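Next come the chains, spelled out residue by residue.
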Amino acid sequence: MSRKKLQDKANLKVLESAKKAGIETVWDRFEAQAPQCGFGMLGICCRMCNMGPCRIDPFGAGPKAGACGATADTIAARDMARATAAGSASHSDHARDLAMTLIAVGKGQTQGYAIRDPFKLKRVASEFGIEVENKKDNEIALQLGQKVLEEFGKQEGELVFSKRAPKKQQDIWKAQNIIPRGIDREVVETLSRTHEGMDQDYKNLVQTTMRVALADGWGGSMIATELSDILFGSPQPIRARANLGVLREDEVNVIIHGHEPTLSDVIATAAQDKELLDFAKAHGAKGINVAGICCTANEILVRRGLPVAGNFLQQELAILTGAIEVMVVDIQCIMPGVTQAAKHFHTKVISTSPKASIPGAEAIPFHEDKALDTAKHIIKLAIENYKNRDRSRMNIPKESMELVAGFTAENIFYHLGGRFRGSYKPLNENIINGRIRGVAGVVGCDNPKMGSGAHHVELVKELIKNNCLVVQTGCAAIECAKEGLLRPETAYEMAGDGLKEVCKAVGIPPVLHAGSCVDNSRILIACCEMVKEGGVGNGLDELPVAGAAIEWMAEKAMAIGWYFVSSGLLVAFGTPLRVTGSQALTDYITKDIENIVGGKWTFIEDPIECAHAMIAHIDKKRKALKLQPLLYAQSFPVQV
Ligand code: SF4
Ligand code: MSK
């Protein structure tokens, strides 16, 4: 089923040569898994203890409980809570590493790092109660890093950034006992509550799921975004290109893949080193081309405008072009298939994090105190490997597309603002007066279950056609970039009349790329700013806003989805969370939860139907706010 939905010509071209050479990719392995386990898909198998594994028969006369008596409701809810905790842990551990880097910068123990956004350093430090007057940046950085680390181990109280949420959300979270305390505490408590013989009530398990997710959105992810801006610079709109066609035939190609900007930033710096450029020339290459995959790509794209080679599903394909000298990886979303693909070519895979040891990769641990030396060493290895490229097997597709990226909660409305600089007034006014119907976040992974990202593209096209401003992050943003949706011209070509007018007036694309997966926190902050500006509701749950991760894959996506739902928003996933073996749990999270936290889940595979469900939700919110009628005819008419 998946092959039919592959639409990216670059992917098709590389896959064709891979097939001829008998090299497997994620799509082949995915197809070999068919039929996938129905119990797993429905969330009703349990391996929590050694009386099991147990499974529930959802249809026939088979068991309705595990050996211990756990029902489908308990089993599915426990599994969902654990997976969400793993997602929160991933984003948050990434944030912890950035706090350590900030401390190291504060102590002067790093090489190649600096405070690149001192304004944000002071603003965030003040939020943490740190006196910033008459202090050097390094001193503030040290204190802020230490304060941020306390957010992880805090046993009581509330996360500092949770106070950024509107009062209405904070009150709901307090009333529901889901306001996040320490980040680590929420992860540990979720693991403890989901042990065999512990929490058995699916509603109570949803409560811990929401709290651990909020600890990510208003904790780990938000910390990661803010500290990355402080250390590597806050993004500004920037032009670049995306897709495998950014690889160069006559240059040393270095791919950076994973998530942490600490690695990618210093590699990008090292690639500009005069000595290394000369070294590359001496080896017959015209230059050093650094390009990214996955969220590392997004981190260097939004800050440096470096090219994007591809998203999650393209990591093996990049190697299969035969043109990659080194793929350097850190953490998260690195498929074991990468080293298997590399065996067929000259590509060296270099792993840099002790937290992600990868058989078949050369381990070169990355430490802040020797970051630049390590980065130069890696680039040197790439240059030395250039001579081993077999040009007869090289297959770089020509496809690459221009894009604009780098929109943040702070700068979006500097651009939208015009004479109202730095204000959300123009956005809110254009929503109120019916030019913009609402705002949609379209984020997350690409998944072979759905093909290779085409669902994001169809979904986004339908949303902008219906005058919804779209904000994107992660691999979804890369997919839409490859299809040309991140160019300002897209407004003229594809947006509805109202959105087109606004984009034309301020020169922005109708689809705004806001960064990596942790940068979904920028969407939360932008929503808070809309509430603060006024006229579109008193809480996040009242905004004409909806989100989707239609091709979600990672547990991190579950954490993101849950923190948006818990913050009051509708979240659409293309394939359901693994809960549908429990009707009670499914009903609870797709219906009842809306009366508790304001947000809820919906699961819709078809991208047009998904867009319409999001728009119907936006219309419902517009109606509740008594906003003015939409200014122009809509291809999907108003539903309420
Ligand atoms: Fe089976 Fe219960 Fe053990 Fe799960 S916890 S494996 S349902 S006995
Ligand atoms: S990289 S989590 S595949 S978006 Fe953030 Fe892409 Fe999903 Fe990984």
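Residues numbered from 1 in each chain as written. Chains lettered and ligands numbered in written order. Predicted model: local features only at pLDDT ≥ 70, side-chain atom pairs only at ≥ 80, totals over all residues. Heavy atoms only, no water.

Draft legend 1. Inspection of the pairing of strand S15 (residues 570-573) at higher detail. Where burial is concerned, the two faces of S15 agree: the one with Leu570 and Ala572 and the one with Val571 and Phe573 are both buried. Of the crossover connections in this fold, the one passing from strand S14 (residues 545-549) over helix H23 (residues 555-566) to the parallel S15 is right-handed. (Buried < 20%, exposed > 50% of the residue type's maximum accessible area, 1.4 Å probe, protein only. Helix = DSSP H or I, 4+ residues; strand = E, 2+ residues; numbered from the N terminus. Right-handed = clockwise from strand over helix to strand, strands pointing away.)

Draft legend 2. View of the packing of aromatic side chains. Overall, the coordinates contain nine aromatic pairs when judged by the stated rule. Each ring, one from Trp552 and one from Phe573, has its centre 4.9 Å from the other, and the planes form 25°; the classification is stacked. Here the residue Trp552 occupies a position in the loop between S14 and H23, and Phe573 occupies one in strand S15, the gap between them amounting to 21 residues. Residue classification places Trp552 among the buried positions, given a relative accessible area of 5%. Aromatic side chains Tyr563 and Phe564 sit 5.1 Å apart centroid to centroid with 35° between the ring planes, which places their arrangement in the tilted category. For Tyr563, a relative accessible area of 0% puts it in the buried group. Note on Phe564: relative accessible area 10%, which makes it buried. One aromatic cluster is present, formed by Trp552, Trp562, Phe573, Trp601 and Phe603 through successive ring pairs. (Phe/Tyr/Trp six-rings, centres within 6.5 Å; stacked < 30°, edge-to-face > 60°.)

Draft legend 3. Spatial organisation of empty space enclosed by the protein. Inspection of every chain in the model, using the stated rule, returns four cavities of 30 Å³ or more. As a volume, the largest cavity reaches approximately 130 Å³. Contributing to the lining of the largest cavity are 15 residues, with Gly441, Val443, Gly547, Ala548 and Phe564 lying nearest its centre. Mapped by element, the contributors of at least two residues to the lining of the largest cavity are S14, H23 and S15. Per-element tally for the lining of the largest cavity: the top contributor is S14, with five residues. Split into classes, the residues belonging to the lining of the largest cavity amount to 12 nonpolar, three polar and no charged. (1 Å grid on protein atoms, 1.4 Å probe; cavity = no way out; pocket = protein on both sides within 12 Å on 5 of 7 lines; lining within 4 Å. Points joined across faces, edges and corners; volume = space filled by probe spheres on them. Nonpolar A, V, L, I, M, F, W, Y, C, P; charged D, E, K, R; others polar.)

Draft legend 4. Quick look at the site of ligand 1. Close contacts around ligand 1 come from Cys46, Met48, Cys49, Met51, Gly52, Cys54, Gly66, Ala67, Cys68, Ala70 and Arg78, and that covers them all. Looking at side-chain class alone, the shell around ligand 1 contains eight nonpolar, two polar and one charged residues. (Near = heavy atom within 4 Å.)

Draft legend 5. Just the pattern of salt bridges, in detail. For the structure shown, the criterion picks out 51 salt bridges. The closest approach of N and O atoms between Glu316 and Arg29, which form a salt bridge, is 2.6 Å. Residue Glu316 is located in helix H13 (residues 315-320), and its partner Arg29 is located in helix H2 (residues 26-32); the two are separated by 287 residues in the primary sequence. Residue classification places Glu316 among the buried positions, given a relative accessible area of 1%. On the basis of relative accessibility, which here comes to 23%, the residue Arg29 falls in the partly exposed class. The closest approach of N and O atoms between Glu299 and Arg303, which form a salt bridge, is 2.6 Å. Pair noted here: Glu299 and Arg303 are both in helix H12 (residues 294-304), with a separation of four residues, about one helical turn. An identical accessibility class is assigned to Glu299 and Arg303; each is buried. (Salt bridge = Lys/Arg side-chain N within 4 Å of Asp/Glu carboxyl O.)

Draft legend 6. Examining the site of ligand 2 more closely. Around ligand 2 lies a shell formed by His259, Cys294, Cys295, Phe312, Cys333, Gly444, Cys445, Cys475, Cys517, Met553, Ala554 and Lys556. Residues that form the shell around ligand 2 fall into these classes: nine nonpolar, two polar and one charged. Lining the shell around ligand 2 are residues from two domains, each supplying at least three of them: domain 2 (244-393) and domain 3 (410-550 + 604-625). (Domains from an automatic or database assignment.)

Draft legend 7. Looking closely at the packing of helix H9 (residues 202-232) against helix H24 (residues 583-592). Closest axis-to-axis distance for the H9/H24 pair is 10 Å, and the angle between their directions is 45°. As summarised for this structure, H9 and H24 are arranged oblique, according to the angle between their axes. In this structure, H9 crosses over H24, and the sense of that crossing is right-handed. Two secondary-structure elements touch here, H9 through Tyr202, Lys203 and Val206 and H24 through Ala584, Leu585, Tyr588 and Ile589. Its residues assigned to classes, the contact of H9 with H24 shows six nonpolar, no polar and one charged. (Axes fitted to C-alpha atoms, helices over the stretch in contact; angles between N-to-C directions. Parallel < 35°, antiparallel > 145°, perpendicular 65-115°, else oblique. Left-handed = near helix turned anticlockwise from the far one by under 90°. Contact = heavy atoms within 4.5 Å.)

Draft legend 8. Region of interest: the layout of surface pockets. In this structure, the largest pocket occupies an estimated 1,200 Å³ of space. Along the walls of the largest pocket sit 37 residues, with Gln36, Gly40, Met41, Lys449 and Arg578 positioned nearest its centre. If you list the elements that add at least two residues to the lining of the largest pocket, you get H2, helix H3 (38-42), strand S1 (45-46) and helix H4 (72-106). Its residues placed into classes, the lining of the largest pocket shows 20 nonpolar, eight polar and nine charged. Counting the residues that make up the lining of the largest pocket, at least three belong to each of domain 1 (72-232) and domain 3 (410-550 + 604-625). Of the pockets and cavities examined, the second largest pocket occupies roughly 310 Å³. Lining the second largest pocket are 16 residues; nearest its centre among them are Asp97, Glu260, Pro354, Phe366 and Glu368. At the level of secondary structure, the elements contributing two or more residues to the lining of the second largest pocket comprise H4 and helix H10 (261-270). It is H4 that contributes the most residues to the lining of the second largest pocket, four residues altogether. Looking at the lining of the second largest pocket, its residues break down into six nonpolar, five polar and five charged. Taken together, domain 1 (72-232) and domain 2 (244-393) each give at least three residues to the lining of the second largest pocket, which thus spans both.

Draft legend 9. Up close: the sheet that holds S15. Taking strand neighbours across the sheet as the criterion, the six strands line up as S13-S12-S11-S14-S15-S16 in an open arrangement whose pairing is parallel. Both outer strands of the open sheet, strand S13 (511-513) and strand S16 (600-603), are each paired with one neighbouring strand and no more. Ignoring which end each strand starts from, the neighbouring axes of this sheet average 25° apart. Summarising the sheet, strand S11 (residues 438-442) and strand S12 (residues 468-472) pair through five bridges and their orientation is parallel. Its bridge partner being in S12, Ala440 is matched across the sheet by Val470. Strands S15 and S16 of the sheet are contacted by H23, whose axis makes an angle of about 155° with S15. (Pairing = 2+ DSSP bridges.)

Draft legend 10. How the structure looks around the packing of H4 against H9. Between H4 and H9, whose axes approach to 8 Å, the crossing angle comes to 20°. Between H4 and H9, the interaxial angle falls into the category roughly parallel. Between H4 and H9 lies a crossing whose hand is left-handed. Grouping the constituent residues of the contact of H4 with H9 by class yields 21 nonpolar, 13 polar and three charged.

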